[in-house]
Amino acid sequence: MRLLIIDDEMIIRTGIQQVIDWPALGIEALTPAASAEEALERIPDELPHIVLTDIRMSGMDGLELASILHQQYPEMEIIILSGYDEFSYVQQAMREGVSDYLLKTSRPEEIIKTMLKAKQRITDRIEKHKRGSLGDSALRTQLLEQLIKEGISESSLLAQAVDSFQLEMPSGYDQIMILNADGWEDLSLLLFAIHNILEETLSCHTLMYADHMVILLRSPSAMDQQGRIQQVLERLEGMLKCTIFAALGTNASHYSEWPKSYSAAKEAYMYRMITGNRGLIAFHAVQDRTGGRTVCSLEEEAELSSILVKGNRAELHGWVHQKIGAQLADDQVTTESLQAYIQSIIISGYRFIERMGNSQLQGQHGALPPLRDLQQNLNASPEQLLYEACSLLMDSYRQQSSEHRGNSYVEQAIVFIRNHLHTGITLQQVAREVHLNPNHFSEVFKRETGQNYIDFVTRERIERAAEILKNSEMKISQVARAVGYEDMKYFSQLFKKFTRMTPSEFRNESQSN
C-alpha cells in the first residue's frame, strides 16, 4: 500500500517520512512531493492509495488538491495535515472528500493510528470488490480456527486446509501464540496494527477477536523463536506506544498437534494476571510450577479485620499491596494458587462480617458483595481485585455498624478481642486498648453485648476453635493453643460444655456431614 506525503516545507515532509517505520506498517512511503502541482503530475504514474497533504501551500492549496483528487480517484484516502486547529477547516475538508484530519503537532503514534485507519478502510473496500472473496476469506478463517482449536478430521475440509495453508510444506517447529494489547482507546485498531506488523515481520497466520489475537507461528527450523518474538514485541511496544502480553504454546511438529499447542498457550495466557498483563511467557516456563500459598493465616485474618474496623483505605491498600507482592515474588505461584489465596482472604473478610453480624450487628447482611461476582473478575489485576473486594467489605461493615451501632469503643473492643484470642487477653488489656477505666468498660460491655467479659471471650474462643476444627487438620492440642488454652484437658471440657461434643467428636461429625 503506497503513501504520498505533500508539503512545501521540506522539514515537515521529510520528517514524517523518516520518523515512522512505514515498511513495518505494510506501507510504502513514496518520495514526498513539494507542492500540489508536483503531486498531480506524479499521481497518475505512482497511484498512491493514501495522500497526506498540507492545507496551506504556495500555489494550489491542500483543499483544492483534495477536491481534484476526490473527483478523479474517489477511492483514494486523503488526509489533511495542518497547523490550524479550526473547525471551519475541518468542515470544508470533509466536503472536499477528505477522510481524516491531522495537526502538524500530532505525535508519531497519532499519525500511525490515522494511517492505519485509512489502510483498514482501503483493505475493506478491496475485499468487497473481489468477487467471492468475502466468502473465501470467511471459509479460510474458519478452517484455520478449526485447525488450531480442535483439528480437522473431515477429508474434504482437510484437503482445503492443506492447500490454503501449504501444510504439505515441512514446518516442524510451529507454535500457537495468544496476544492481547492495551494503550489505545480503539483496541480493534491497535490489534489491526499489530496484525499488520507481525505479518510483515514473521511467518504467521492470525485470527482476530474482539480483545485478543491467536497467532500461528510457522518455523521450519529450531531457531530461537522465543528470542526473536521478544524482540518483535518490544519493537511493537516502542513503535505503537502500547503494552503487549503474549503467551506461547508448545512446539508442534505437525498440524495435528496445533490444538495441543493452543491448549498450552491458553494455560500460559492465564499468567497475564501474574505478569501484570505485559511481556512474553512460554508454557514450558510455567508448566512445572507447584503453586504458592492458597490459604490466608489466622494472623492475616486478624490484620484484615482490624483494618476493616478502622475504615482506613490507605492502610488497606498498603496491606493488599504487601500480601499480593509476596505472592508474586514466589517463583512457584500459579494462577490457580493466586486465585485461591485471594478468595481465601475475601472469605476471611466475610467471616469477620458474619461474626460481627451474629453479635453486634444482629445478622443484617444486605450490603455484602456477592463472592461469585468477585471471582468472575479474576482476570483483572490481582491487587486491584483484592483491594476492591475488601473495600466493598469495609463499606458493608461501616454501613451495618452505623445502622446497629451501640458504643463504638465496645465495637472496637470486640474486634481487638477476636484478634487476640490466641493470647491470655484480660479485661484490663482490652480496657486500656479503648482508653477506658476497666470497671466502667466492664459495665458498658455487659450492657451492650448481654454477656460479661469472661463469658464473651470463652464463647468466642470455642466458636473460633470450632471453625478451625471444621476447616483444618490441625491437632487438637494446636487448636487449643490457637484459641488461648495451654491446658488441652480444660479446653476439651469447655468445648464439650458449649457444643455437647468433644473436639474429636465435633471434627468427625463435621467431616461426615
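Just so it is clear, the model here is predicted, and its values are computed rather than measured.

Participant: Explanation requested: the environment of P48 in the structure shown.
Facilitator: Relative to the helices and strands, P48 resides in the loop between α2 (36–46) and β3 (50–54). Measuring from C-alpha to C-alpha, the distance between P48 and L30 comes to 8.0 Å, with 18 residues separating the pair along the chain. Discounting chain neighbours no more than four positions away, the residues touching P48 are R2, L3, L4, L30, I43 and M76.

Participant: Could you clarify how one ought to interpret the sheet that holds strand β7 (residues 204–208) in this entry?
Facilitator: One key point about sheets: their strands pair by backbone hydrogen bonds, in either a parallel or an antiparallel sense. Pairing in this open sheet of five strands is mixed, and the strands run β7-β8-β6-β9-β10 from one edge to the other. Both edges of this open sheet fall to β7 and β10 (279–282), since each of them pairs with a single strand only. Going from strand to strand, the sheet's axes swing by 20° on average, the running direction of each strand aside. Strand direction decides the pairing type here: strand β9 (residues 243–248) and β10, joined by four bridges, are parallel. For A247, the partnering residue across the bridge sits in β10 and is I281. In the packing of helix α8 (residues 187–201) onto the sheet, contacts are made with β6 (175–182), β7, β8 (213–217) and β9, and the angle to β7 comes to roughly 170°.

Participant: I keep staring at the packing of helix α21 (residues 453–471) against helix α23 (residues 488–499) and nothing clicks. Help me out?
Facilitator: Packed helices, taken two at a time, are described by the angle their axes make and the gap between the axes. One can describe the packing of α21 onto α23 by two numbers: an axis separation of 10 Å at closest approach and a directional angle of 90°. Relative to α23, α21 is oriented roughly perpendicular. Across the interface between the two elements, T458, R459, I462, A465, A466 and L469 from α21 touch F491, L494, F495, F498 and T499 from α23. For the contact of α21 with α23, a count of residues per class yields eight nonpolar, two polar and one charged.

Participant: Can you help me understand the packing of α21 against helix α24 (residues 503–512) in this one?
Facilitator: The geometry of α21 relative to α24 is characterised by a closest axis approach of 9 Å and an angle of 50° between their N-to-C directions. Considered as vectors, α21 and α24 are oriented oblique to each other. Once α21 is placed against α24, the crossing between them reads as right-handed. On α24, the residues that touch A466, I468, L469 and K470 of α21 are P503, F506, R507 and S510. Its residues placed into classes, the contact of α21 with α24 shows five nonpolar, one polar and two charged.

Participant: Sorry, what's going on with the pairing of strand β1 (residues 2–6) here?
Facilitator: Working note: regular strand, side chains alternate between the two faces of the sheet. Counting buried positions along β1 gives four out of five residues, so the element sits mostly inside the fold. Pairing analysis gives two bridges linking β1 to strand β2 (residues 28–29), with the strands arranged parallel. By the bridge assignment, L3 is partnered in β2 with A29. Of the pairings in the sheet, the one linking β1 to β3 comprises four bridges and is parallel in character. Looking across to β3, one finds that I6 is bridged to T53.

Participant: Before we go on, may I ask you to explain the side chain of H195 in this structure?
Facilitator: Structurally, H195 is set in helix α8. Judged by its relative accessible area of 17%, H195 is buried. Those residues in contact with H195 that lie beyond four places of it in its chain are T206, M208 and M213.

Participant: In this structure, what is going on with the sheet that holds β3? I would like to understand it.
Facilitator: If you walk across this open sheet you meet the five strands as β2-β1-β3-β4-β5, and the pairing is parallel. Each edge of the open sheet carries a strand with a single partner, namely β2 and β5 (100–103). Here strand β4 (residues 77–82) runs beside β5; their pairing, made up of four bridges, is parallel. Counted as the bridge partner of I80 is Y101 from β5. Packing of α2 onto the sheet brings it into contact with β1 and β3, and relative to β1 it is tilted by some 165°. Against the sheet, helix α3 (residues 62–72) engages β1, β3 and β4, with an angle of about 180° to β4.

Participant: Can you walk me through unusual backbone geometry in this structure?
Facilitator: Glycine aside, a negative phi is what most residues show, and trans is what most peptide bonds show. Notably, L47 is not glycine yet its phi reads approximately 45°, a positive angle. Assignment of secondary structure puts L47 in the loop between α2 and β3. A relative accessible area of 40% means that L47 is categorised as partly exposed.

Participant: Before we go on, may I ask you to explain the packing of aromatic side chains in this structure?
Facilitator: Any two aromatic rings considered together are summarised by their centre-to-centre distance and by the angle between their planes. On inspection of all chains with the given rule, the structure shows nine aromatic pairs. Each ring, one from F245 and one from Y269, has its centre 5.8 Å from the other, and the planes form 45°; the classification is tilted. One end of the pair, F245, is in strand β9; the other, Y269, is in helix α10 (residues 258–269), and 24 residues separate them in sequence. Across the pair, Y269 and F245 agree in class, each one buried. Between F491 and F495 the ring centres are 5.9 Å apart and the planes differ by 50°, which places this aromatic pair in the tilted class. With F491 and F495 both in helix α23 and four residues apart, this pair spans about one turn of that helix. The exposure class of F491 is buried, given its relative accessible area of 0%. What makes F495 buried here is its relative accessible area of 0%.

Participant: Explain helix α1 (residues 10–19) here, please?
Facilitator: Count 3.6 residues to each turn of an α-helix, and residues three or four apart come out pointing the same way. All of the buried residues in α1 are I12, R13 and I16. For α1, the angular spread of the buried residues around the axis is 95°, confining them to a single face. In α1, the exposed positions that point more than 90 degrees away from the buried face belong to M10, I11, Q18 and V19.

Participant: Looking at this model, I keep getting lost on the pattern of salt bridges. Mind explaining?
Facilitator: As a working rule, side chains carrying opposite charge can pair if their charged atoms are close by. Going through the model one piece at a time under the given rule, you end up with 19 salt bridges. Between R235 and D21 there is a salt bridge whose closest N-O contact spans 2.3 Å. Of this pair, R235 sits in helix α9 (residues 225–240) while D21 is found in the loop between α1 and β2, placing the two residues 214 residues apart along the sequence. Given a relative accessible area of 37%, R235 falls into the partly exposed group.

Conventions we followed
- Residues numbered from 1 in each chain as written.
- Predicted model: local features only at pLDDT ≥ 70, side-chain atom pairs only at ≥ 80, totals over all residues.
- Heavy atoms only, no water.
- Helix = DSSP H or I, 4+ residues; strand = E, 2+ residues; numbered from the N terminus.
- Contact = heavy atoms within 4.5 Å.
- Pairing = 2+ DSSP bridges.
- Axes fitted to C-alpha atoms, helices over the stretch in contact; angles between N-to-C directions.
- Parallel < 35°, antiparallel > 145°, perpendicular 65-115°, else oblique.
- Nonpolar A, V, L, I, M, F, W, Y, C, P; charged D, E, K, R; others polar.
- Left-handed = near helix turned anticlockwise from the far one by under 90°.
- Buried < 20%, exposed > 50% of the residue type's maximum accessible area, 1.4 Å probe, protein only.
- Phe/Tyr/Trp six-rings, centres within 6.5 Å; stacked < 30°, edge-to-face > 60°.
- Arc of directions from axis to C-beta.
- Salt bridge = Lys/Arg side-chain N within 4 Å of Asp/Glu carboxyl O.

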